[in-house]
Structure formats: C-alpha cells, structure tokens
Amino acid sequence: MATPLIAGLAVAAAALASRYSIQAWRAYKARPIVPRMRKFYEGGFQSTMNRREAGLILGVRENVHPEKVKEAHKKVMVANHPDAGGSHYLASKINEAKDVLLGKTKGGGSAF
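Here we summarise the structure given alongside this text. (Residues numbered from 1 in each chain as written. Predicted model: local features only at pLDDT ≥ 70, side-chain atom pairs only at ≥ 80, totals over all residues. Heavy atoms only, no water.)

A short note on helix α4 (residues 88-102)
Thought 1: With 15 residues, α4 should reach 21 Å at 1.5 Å per residue; the first-to-last C-alpha distance of 21 Å fits that figure.
Thought 2: Looking only at α4, the buried set comprises Ala91, Ser92, Lys93, Ile94, Glu96, Ala97, Val100 and Leu101.
Thought 3: Structurally, α4 contributes buried residues whose contacts are with α2 (51-58) and α3 (66-80).
Thought 4: Among the residues of α4, the N-terminal cap falls to Ser87, whose side-chain oxygen and the backbone nitrogen of Tyr89 are separated by 3.2 Å.
Thought 5: Taken from the residues just after α4, Gly103 is the one with a positive phi, measuring 80 degrees. (Helix = DSSP H or I, 4+ residues; strand = E, 2+ residues; numbered from the N terminus. Expected span 1.5 Å × (residues − 1). Buried < 20%, exposed > 50% of the residue type's maximum accessible area, 1.4 Å probe, protein only. Contact = heavy atoms within 4.5 Å. Polar contact = N/O pair within 3.5 Å; in protein donor to acceptor, adjacent residues only side chain to side chain.)

Here we look at α2
Thought 1: Within α2, burial applies to Glu53, Ala54, Gly55, Ile57 and Leu58.
Thought 2: Buried-residue contacts for α2 involve α3 and α4.
Thought 3: Phi turns positive, to about 75 degrees, at Gly59, one or two residues after α2.

Comments concerning the packing of α2 against α4
Thought 1: In contact at an axis separation of 9 Å, α2 and α4 are set at 125 degrees when each is read in the N-to-C sense. Here α2 lies oblique to α4, going by the angle between them. Considering the relative orientation of α2 and α4, their crossing is left-handed. Within the contact between the two elements, α2 uses Arg51, Ala54, Gly55, Ile57 and Leu58 and α4 uses Ile94, Ala97, Lys98, Val100 and Leu101.
Thought 2: Here the residues of the contact of α2 with α4 sort into seven nonpolar, one polar and two charged. (Axes fitted to C-alpha atoms, helices over the stretch in contact; angles between N-to-C directions. Parallel < 35°, antiparallel > 145°, perpendicular 65-115°, else oblique. Left-handed = near helix turned anticlockwise from the far one by under 90°. Nonpolar A, V, L, I, M, F, W, Y, C, P; charged D, E, K, R; others polar.)

A look at the packing of α3 against α4
Thought 1: Axis separation between α3 and α4 bottoms out at 10 Å; the angle between their running directions is 180 degrees. Here α4 runs roughly antiparallel to α3, going by the angle between their axes. Together, Pro66, Val69, Lys70, His73, Val76, Met77 and Asn80 of α3 and Leu90, Ala91, Ile94, Asn95, Lys98, Leu101 and Leu102 of α4 make up the contact between the two elements.
Thought 2: Its residues placed into classes, the contact of α3 with α4 shows nine nonpolar, three polar and two charged.

Comments concerning the pattern of salt bridges
Thought 1: In this structure the tally under the stated criterion is one salt bridge.
Thought 2: Salt-bridge contacts for Glu96 lead to Lys93; the nearest nitrogen and oxygen are separated by 3.6 Å. Highlighted residues: Glu96 and Lys93, both in helix α4, separated by three residues, approximately one helical turn. The burial state of Glu96 is the same as that of Lys93; both residues are buried. (Salt bridge = Lys/Arg side-chain N within 4 Å of Asp/Glu carboxyl O.)

And the structure:
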C-alpha cells in the first residue's frame, strides 16, 4: 500500500520540478541582454597622452597612489614586453602612461 503512494509522490515531485525548471528556463531566455564591461582600453591613442588615457591603459584610476601605478605598470608590461613577443609601440605607450601618472613626463610623448 505504501509503495504506490511513494511512487505517486515521486511522480508528482518530478512533474513539479520539471514545470519549475521550464518556467525558470523561459525567464532566463527572456531576460534583457546587458552589455558587459570590457576590461581593456578600446580605441586608438590620442596624440598627447592625458591622465585619463594613461589610467585606462594601465587599468587604474587617474589619482591613484604611485605604488599602485608601479604595480599596474609591471603587470601590464609583463604581458606586453617586446622581449616576450609584445609590441614595441605598446610597450612605449605603457611606459608613457606610467610616466604621465607619476608626473615624470618630458613632453616628448611616445617614441613612435
């Protein structure tokens, strides 16, 4: 007597779970697509670098502590160093960004 009751409860639970799953899947598919933020600087370089562009290149804020600038510079340069297959142009822009944020600009800009 208990076996048919347990089997019936199991079938009912499975039906409710599948109904909930179908509703959740439809709600998931109907949600609006939200564009994700990109974690890289998108766009070309300006002729003279400003603090905003330098911060975007290094991935830090414009008014960050100099130690954070040095850490971010090291992290980005490891990934883009010319000796490791990176671009000389990008390396010069990364170095220029560090100089701009640290206040060591000479006014010459990039070597390229």
